[in-house]
Every structure is written in structure tokens, then in C-alpha cells.
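This is what each chain is made of:
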Amino acid sequence: MNDEYYMREAIKEAKKAEAKGEVPIGAVLVLHDEIVARAHNLRETEQRALAHAEMLAIDEACRKLGTWRLEDAVLYVTLEPCPMCAGAVVLSRVDKVVFGAFDPKGGCTGTLMNLLQEERFNHQAEVVSGVLEEECGEMLSAFFRKLRRQKKETRKKLSE
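All values derive from a computational prediction rather than experimental measurement.

**Q** Mind showing me how you'd approach the overall build of the protein here?
**A** What the protein contains, in helices and strands, is five helices and five strands. Ordered by position from N to C terminus, the α and β elements of the protein give α-β-β-α-α-β-α-β-β-α. Counting only C-alpha atoms and orienting by the principal axes, one finds that the protein spans roughly 60 × 30 × 30 Å. Within the protein, buried positions represent 47% of all 160 residues. Considering only contacts within the protein whose residues lie at least 6 apart along the sequence, 58% involve residues at least 24 apart. Within the structure as shown, the protein displays about 8,900 Å² of accessible surface, and the carbon and sulfur contribution to it stands at 50%.

This is how it looks when you write it as C-alpha cells:
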């Protein structure tokens, strides 16, 4: 299997989030060419700040594998991880993160900073960026366009 295959699996998760009205972000965690955890954004559904796709996938993998150390694991995620999720990657010892779209407002695996390769931490992870970037980015852009359009229509109806 290759990075595009697993990113397509993460995209399937992102589409599940979108179907629930969530920001379409999905993640899969792979260990030895096997998907051991899948997750999608559930922040709005569960009203939990920690319910990011990456956090949920890491937590599921730890429970399934019976360890907090996810050495040799690869995390595939449709959007560049935020500081919280990048921190969880470091603390869980994930070896590699592959992401699709860059996050100019919160990305912490290269855009605003790179927490995954910060040498002062006791663990660093390899980063591969831009895998299926256009598809991942367009999914997010379309979601936010639709959201803005809905808000505009609601405001218009309220003012009538």
C-alpha cells in the first residue's frame, strides 16, 4: 500500500464527518501496513474540544493495541495537524505523519511551526505533506463555502 491509498481511506472518514455537519477531517492510523484505527472529526457532534480526528484515531489505536507507544505507526490525516494533535503524535511516539491539505491558520507540522520535528522534544516524527492535497483542500473549501452560504441565507430570511 502507498500513501495515496491510506489518504483515500482518511478522506472516506472525512466524508463521514461532513455527512454529520462536522468539518470534514479524517484520519487513519496504520501499523505494519494495516489500518488499526479510523476516526473523523466529532467536535460539534460531541461538543468536545478534544474530538479531533487525529486524537480519536490515536486514542482508538492505543486502546486496541494496549499501549500508549505507537512506535512504527503512521498517521494519515486530511488536514495538517493543529498544536494539540501534533503534541499527541509526539507523546504517543507515532513515527510518521502524512497529511493532505496545509492549514494556514493552525498547522503545526510545518506551516506555523513544526512541533513534530522539534529537536528539544524526546521524540520526532517524519512528516510527509501534500498527499492528495488538492482533493483534501477542496473538500474543506467546499464545506466552508456551503456554511457561509447557509449563514447568509439565514441572515437574509431573518431580515425579511
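**Q** Help me out: how do you make sense of the layout of surface pockets in this one?
**A** If a probe as big as a water molecule is rolled over the atoms, it shows which places are left empty. Quantified by volume, the largest pocket comes out at close to 510 Å³. Taken together, 22 residues make up the lining of the largest pocket; nearest its centre are Val23, Ile25, Leu79, Asp103 and Phe144. Looking at the lining of the largest pocket, the elements with two or more residues in it are helix H3 (53–65) and helix H5 (133–159). Take the lining of the largest pocket: its biggest share by element is five residues, from H5. Of the residues in the lining of the largest pocket, the class split is eleven nonpolar, five polar and six charged.

**Q** Is there a simple way to explain helix H4 (residues 83–92) in this structure?
**A** Because an α-helix packs 3.6 residues into every turn, residues spaced three or four apart end up facing the same way. Residues of H4 that are buried: Cys85, Ala86, Ala88, Val89, Val90 and Ser92. Of the surrounding secondary structure, the elements contacted by the buried residues of H4 are H3, strand S3 (73–79) and strand S4 (96–101). Once H4 finishes, arginine 93 follows within two positions and takes phi at roughly 65°, a positive value.

**Q** What's the story with H5 in this structure? I'm lost.
**A** End to end, H5 covers 39 Å across 27 residues, agreeing with the expected 39 Å (1.5 Å per residue, within 8%). When we look at burial in H5, the residues that qualify are Cys136, Gly137, Met139, Leu140 and Phe143. For H5, the elements touching its buried residues are helix H1 (3–19), S3 and S4.

**Q** Explain the packing of aromatic side chains to me, please; I cannot follow it from the model alone.
**A** Two aromatic rings, taken as a pair, are described by how far apart their centres are and by the angle between their planes. If you walk through the whole model with that rule in mind, you get four aromatic pairs. Summarising the aromatic geometry, the rings of phenylalanine 99 and phenylalanine 102 are spaced 5.1 Å apart at their centres and angled 85° between planes, so their arrangement reads as edge-to-face. A relative accessible area of 36% places phenylalanine 102 in the partly exposed class. Ring centres of phenylalanine 143 and phenylalanine 144 lie 5.2 Å apart, and the angle between their planes is 80°; this geometry places the pair in the edge-to-face category. Overall, phenylalanine 143 belongs to the buried group, its relative accessible area being 9%. Here a set of aromatic residues connected by ring pairs shows up, and it is made of Tyr5, Tyr6 and Tyr76.

The rules behind each value
- Residues numbered from 1 in each chain as written.
- Predicted model: local features only at pLDDT ≥ 70, side-chain atom pairs only at ≥ 80, totals over all residues.
- Heavy atoms only, no water.
- Helix = DSSP H or I, 4+ residues; strand = E, 2+ residues; numbered from the N terminus.
- Buried < 20%, exposed > 50% of the residue type's maximum accessible area, 1.4 Å probe, protein only.
- Contact = heavy atoms within 4.5 Å.
- Areas by Shrake-Rupley, 256 points an atom, 1.4 Å probe, with all protein chains shown as cover.
- 1 Å grid on protein atoms, 1.4 Å probe; cavity = no way out; pocket = protein on both sides within 12 Å on 5 of 7 lines; lining within 4 Å.
- Points joined across faces, edges and corners; volume = space filled by probe spheres on them.
- Nonpolar A, V, L, I, M, F, W, Y, C, P; charged D, E, K, R; others polar.
- Expected span 1.5 Å × (residues − 1).
- Phe/Tyr/Trp six-rings, centres within 6.5 Å; stacked < 30°, edge-to-face > 60°.

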